[in-house]
Amino acid sequence: MKKIILAFFYIVLIFIITLILANKLTTGNNDSILAVNGIYTIDQYNHEQPMALNGEWEFYFNRLYNPDDFKNNVIEKEPNYVVVPNDWNHYDLPNQSITRKGVATYRLFINIPNEEANKIKTIYMPSVSSAYNLWINGEKKSSNGIVGTSKNAMKPETTPKTIEFLPTSESVELIIQASNYHQRKSGLWDTILLGDPDVIHTYQVKKIIYRAIIVSSLLIMGLYHFSLFALRKNELSFLFFGILCISIAIRGIILEEGLASYLLSFLNWEIVMKLEYLGVTLGVLSLILYSYSQFPLEMKQSFRNALVIVMAIYSIFIILTPAIVYTMTVVALELITLLILLYLVYVYIIALIRKRTGSLLNMIAIIILIYVATNDVLFYNDLVSTTEMTSIGLTFFLLTQSFNLSKNYAKAFGKIEKLSKDLKVFNESLEKEVTERTAELKISNEQLQAATEARRRLLSNISHELGTPLTSIQGYTKGMVDGVIPSEKKYLQLVYDKIEYMSKIFNDLHSLTEMETRQIEFHQKEIDIQHYFQNLYRKYQLETEKNNIMFTYKNELDPKKSYYVFIDPHRIEQVIMNFLTNAQKFIEENGQITLKLTLADCNNVMIQCIDNGCGIIQQDIDHVFERFYKSSSKENTRKGAGLGLAISKEIIEFHNGKIGVKSNVGEGSCFFFVLPLLTRN
């Protein structure tokens, strides 16, 4: 609703402005002086505005009279009195037929106040169709083209002129000969003005400046959009809009004959007339194409093609025929133009309903254009007494379209800026991601190298661990076969022990692989950690103490509370057994092993296996949980494949726990792991 009210306001505003401009540009002052029976009487001379010499003039059709003819009284008949300005084809003379082609003589007497005699006056002669001679008080003062009684004898020209003269009395006689064989209009169809020289000069300059401003604006807009099209050839709307501006600008130059006489003086009259009419046809054609480029979904392509063909044929018709032919079809051209403008109104209304960008402004502009075009149709057919206003309407229309194009261009540029910023952010994030991925790849490469090195060491360790017992087995069996070693029980027991050791290595490797690949099953359940480790201690107490080792258990948890963990009791027992077995290997007789249960923090419980053995050197602490890793200490002469702690590590990590060791050489070691406690309500 707001848009409709705003549109109505714009239309009314522009309507008022155009009426004001029309009033300002209408020739003559606002007095009611009119010539009567060929006499124009001025009771009070106007020194501020030019005076329009309108009214009844003497008229002699098909006669070319000069001042001597009137002086010598050789006039063949009484004069007819006709209203000027008007096309003589519109006159209805008694007993005489009027045609567009022919010659005529006009005469007017001007009575001026006595005090204005002997003061220089100026007459403004507008375009006369299509040639004229002017006499003032019997003296030939001006001519345009060559007046003749046939098409070949005359030469058309339509250049407005200002003629100064000095009235020597209170009566001034004007005699004008006119001939027309070249176009639709004929005779004195525009207003002749009388005034002081400075008043007429000011009037003429204002007209030229007014038209020059419009023309220069259109030319600048046209050239600007041509340059935009040169830079962006896929945007055809720029091309069509540029052609529209240039077409209207050329027509504007021609409509103001004073401006055309300066800018197009090198062209003959016929070409100038063709350019005037082509300005309309090419302008309408480019307007159709431009509107289609703006709203292709609202304007049917078949309609567009039909309209383009019609205007193209009409343009060719103008080019190939003389002015006397194509100017006779001007009414048809005006009707076609109005129908096309009405269709464009329909297109813009549909676009407005569909909320297309710029549709509201387009609809307002096209309605105003229809209004001024209708005015000009009536004006040029002598049905209203306003002035030519199409230039104003077209200028306003083109300004609105220029605004729409600039708005769309700015919006597109804004999108490009946003995309550029987004692309910059994306590039920065991409660079950051590439850096991160490069760092990750570097870490992965290092890990891969470490894994490769670990595999190499693993294969080397497996080869070493299996090679030693195999060598022993091979030596004993070879000796028995060769009879070097007797087949006694003790040697067979040695071979059996080696095979059993190898079997244990294979079993441990199999278990470790299953844990690492999460193929082994864990049977977890809720366990009271205090009861569980109390029972474990009792289970392994006798077996540990028979080796002359003091085995103790310390529970630092609150015995009044219950602490539960979610574990596989068999696998956790395997870890404790590995800790105890490992501790027993590295302590002497009368050694001590302590199994300690304590809180790591409020959410985790810690189990420690503490011994007073030889300890682990610092360089080995970080590697004790690796496969086949054995201490480089000279004291490490105990048997073992080095897989027990690696298996323990996998078990604890499966339980979401942590495993570690603390050790000092000569003081003993503390192997520990941490398990998360369950929260129970």
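Cut-offs and rules
Sequence positions are assigned chain by chain, starting from 1 and proceeding in written order. Selection of residues for local features in this predicted model requires a pLDDT of at least 70, selection of side-chain atom pairs for listing and counting requires 80 or more, and totals for whole chains, interfaces and linings are taken over all residues. The side-chain numbers reported here are obtained from all heavy atoms of the structure, hydrogens and water having been left aside. Helix and strand labels come from DSSP, where a helix needs a run of H or I of at least four residues and a strand needs a run of E of at least two; each type is numbered from the N terminus. Whether a residue is buried, partly exposed or exposed follows from its accessible area with a 1.4 Å probe, protein chains only, as a fraction of its type maximum: under 20%, in between, or over 50%, in that order. Should any heavy atoms of two residues lie within 4.5 Å, those residues are counted as being in contact. Note on areas: Shrake-Rupley, 1.4 Å probe, and residue coverage restricted to the protein chains presented here. Strand pairing follows a simple DSSP-based rule, namely that at least 2 bridges must link the two strands. Lines fitted to the C-alpha atoms define the axes, with helices restricted to the stretch that makes contact. Angles between their N-to-C directions range from 0 to 180 degrees. Should an angle fall under 35 degrees it is taken as roughly parallel, and over 145 as roughly antiparallel, whereas 65 to 115 is taken as roughly perpendicular and any remaining angle as oblique. Each helix crossing is assigned a hand: it is left-handed if the near helix lies turned anticlockwise from the far helix by less than a right angle, otherwise right-handed if that turn is clockwise. Three residue categories are used. Nonpolar comprises Ala, Val, Leu, Ile, Met, Phe, Trp, Tyr, Cys and Pro, charged comprises Asp, Glu, Lys and Arg, and polar comprises the others, including Gly. One speaks of a salt bridge when a side-chain nitrogen belonging to Lys or Arg is within 4 Å of a carboxyl oxygen belonging to Asp or Glu. The span expected for a helix works out to 1.5 Å for each residue beyond the first. At any given residue, the bend is defined as the angle formed between two axes, one fitted to the seven residues that end at that position and one fitted to the seven that begin there. Here a polar contact is taken to be a pair of N or O atoms separated by no more than 3.5 Å, where protein atoms must pair a possible hydrogen donor with a possible acceptor and residues adjacent in sequence count only if both atoms sit in side chains.

Q: I'm lost on the overall build of the protein in this one. Help?
A: For the protein, the helix and strand inventory stands at 16 helices and 18 strands. Relative to its full complement of 681 residues, the protein shows a buried share of 47%. Within the protein, contacts between residues separated by at least 24 positions form 73% of all contacts whose residues are at least 6 apart in sequence. Of the roughly 36300 Å² of accessible surface on the protein, 57% is carried by carbon and sulfur atoms.

Q: Any chance you could explain the sheet that holds strand β9 (residues 161-165) here in plain terms?
A: Strands in a sheet are paired, the pairing made by backbone hydrogen bonds, and the direction either parallel or antiparallel. Judged by pairing direction, the sheet is antiparallel, and its 4 strands sit side by side in the order β2-β11-β6-β9 without closing on themselves. With partners counted over all chains shown, the strands left at the sheet margins are β2 (51-52) and β9, one partner each. Strand contacts of helix α3 (residues 197-231): β6 (121-125), β9 and β11 (193-195), with the helix running at about 30° to β6, the strand carrying the most contacts.

Q: For this particular structure, what's the right way to read the packing of helix α6 (residues 269-294) against helix α7 (residues 301-320)?
A: Axis angle and axis distance: for two packed helices, these are the angle between their axes and the distance between the axes, and together they describe the pair. Running from N to C, α6 and α7 point in directions that differ by 165°, and their axes come no closer than 10 Å. It follows that α6 is roughly antiparallel to α7 by the angle criterion. Between α6 and α7 the crossing geometry is left-handed. For the pair formed by α6 and α7, the contact residues are K274, Y277, L278, T281, L282, V284, L285, I288, L289 and Y292 on the first element and Q301, R304, L307, V308, M311, A312, Y314, S315, I318, I319 and L320 on the second. Here the residues of the contact of α6 with α7 are counted per class, giving 16 nonpolar, 3 polar and 2 charged.

Q: Any chance you could explain the sheet that holds strand β18 (residues 668-676) here in plain terms?
A: On the basis of which strands lie adjacent, the open sheet formed by 5 strands has the order β13-β15-β16-β18-β17 and mixed pairing. Only two strands of the sheet have a single partner each, and these edge strands are β13 (550-555) and β17 (658-664). Averaged over all neighbouring strand pairs, the angle between strand axes comes to 20°, with direction disregarded. Bridge analysis of β13 against strand β15 (residues 592-601) gives 6 bridges, and the strand direction is parallel. Bridging from a neighbouring strand, Y553 pairs with L595 of β15. Sitting on the sheet, helix α14 (residues 569-585) touches β13, β15, β16 (604-611), β17 and β18, and the angle it makes with β18 is about 170°.

Q: Mind showing me how you'd approach the pattern of salt bridges here?
A: Pairing between side chains becomes possible if they bear opposite charge and their charged atoms approach one another. Applying the stated criterion across every chain, the model contains 15 salt bridges. Note that E298 is salt-bridged to R356, the shortest N-O span being 2.7 Å. Placement of E298 in the loop between α6 and α7 and of R356 in the loop between α9 (330-353) and α10 (359-380) is noted, with a sequence separation of 58 residues between them. Residue classification places R356 among the partly exposed positions, given a relative accessible area of 31%. Note that E440 and R437 form a salt bridge whose closest N and O atoms lie 3.5 Å from each other. Here R437 and E440 lie together in helix α11 (residues 390-482), a separation of 3 residues that amounts to about one turn. R437 gets classed as partly exposed once you look at its relative accessible area, which sits at 40%. Within the structure, one salt-bridge network assembled from shared partners comprises E58, R107 and E173.

Q: Any chance you could explain the pairing of strand β4 (residues 80-84) here in plain terms?
A: It is a general feature of regular strands that their side chains alternate between the two faces of the sheet. Burial along β4 is one-sided: the face carrying N80, V82 and V84 is buried and the face carrying Y81 and V83 is not. Here 5 bridges tie strand β3 (residues 55-61) to β4, and the two strands are oriented antiparallel to one another. Pairing of W57 across the sheet is with V82, part of β4.

Q: Please clarify how α6 should be interpreted in this entry.
A: Note that an α-helix has 3.6 residues per turn; residues three or four places apart therefore point the same way. Counted at 1.5 Å a residue, the expected span for α6 with its 26 residues is 38 Å, and the 37 Å between its end C-alpha atoms agrees. A bend of about 30° at L278 is the largest found in α6. Taken across its 26 residues, α6 has 21 buried, putting it largely inside the fold. Sitting at the head of α6, N268 places a side-chain oxygen 3.2 Å from the backbone nitrogen of E270.

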